[in-house]
Amino acid sequence: MEHALKAAVEAAAPSGARYARPTTLEAFEKAADGVEGGEQARQVMADAYARLISTRPETLLTQMQGYAAVAAREVRGDDLIGEVVRADWMSIRETVRLSSGADADKTASFFACGMLGNTLTAIGHPLGAGRCGRCGRCGR
């Protein structure tokens, strides 16, 4: 029964949510492979993600579409899709946390800078503009 429910949820999930997750997760895993952890691991993962969204911008756009679709469905009372997307996001978060050995604050900062970079990229903000000043990565 659980398998059938998961299959139904995955079939109904926004295309972006399922498409972007493996690509992003693979980019982080490959980048961090063999790296000791710490700031170096976070930097190579950030660089790998920047390359991914610059060479395959549909990854970013479908990822953002997936997040918006979850919100739209949950307003209508459908939280099954959100559960799948949140679980996928948590697996990406855990990959970053474990690969870098970061605490909760550094992991949150990594994703905060990444989300700012995502937003700036999605709206076509000029390269290098809008940096948060904390990480040097989020301004594209």
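Residues numbered from 1 in each chain as written. Predicted model: local features only at pLDDT ≥ 70, side-chain atom pairs only at ≥ 80, totals over all residues. Heavy atoms only, no water.

Enquirer: Explain the pattern of salt bridges residue by residue, including any values.
Expert: Throughout the structure, instances matching the rule amount to six salt bridges. Across the pair Asp-78 and Arg-73 runs a salt bridge, and its minimum N-O distance is 3.3 Å. Accessibility expressed as a relative area gives 24% for Asp-78, which makes it partly exposed. (Salt bridge = Lys/Arg side-chain N within 4 Å of Asp/Glu carboxyl O. Buried < 20%, exposed > 50% of the residue type's maximum accessible area, 1.4 Å probe, protein only.)

Enquirer: Describe the packing of aromatic side chains, naming the residues involved and giving the relevant values.
Expert: Counting across every chain of the model gives four aromatic pairs. Geometrically, the ring pair formed by Phe-28 and Tyr-49 is tilted, given 6.0 Å between the ring centres and 40° between the ring planes. In this pair, Phe-28 is assigned in helix α2 (residues 15–32) and Tyr-49 in helix α3 (residues 38–55), connecting sequence segments 21 residues apart. By relative accessible area, Tyr-49 is classed as buried at 11%. (Phe/Tyr/Trp six-rings, centres within 6.5 Å; stacked < 30°, edge-to-face > 60°. Helix = DSSP H or I, 4+ residues; strand = E, 2+ residues; numbered from the N terminus.)

Enquirer: Got a sec to walk through the packing of α3 against helix α6 (residues 104–122)? Specific residues and values, please.
Expert: When two helices pack together, their arrangement is given by the angle between their axes and by how far apart the axes lie. Where α3 meets α6, the axes come as close as 12 Å, and the angle between the chain directions of the two elements is 20°. Viewed along their axes, α3 and α6 adopt a mutual orientation that is roughly parallel. Every pair of crossing elements has a handedness; the one defined by α3 and α6 is right-handed. On α6, the residues that touch Arg-42, Met-45, Ala-46, Tyr-49 and Ile-53 of α3 are Lys-106, Phe-110, Asn-118 and Thr-121. (Axes fitted to C-alpha atoms, helices over the stretch in contact; angles between N-to-C directions. Parallel < 35°, antiparallel > 145°, perpendicular 65-115°, else oblique. Left-handed = near helix turned anticlockwise from the far one by under 90°. Contact = heavy atoms within 4.5 Å.)

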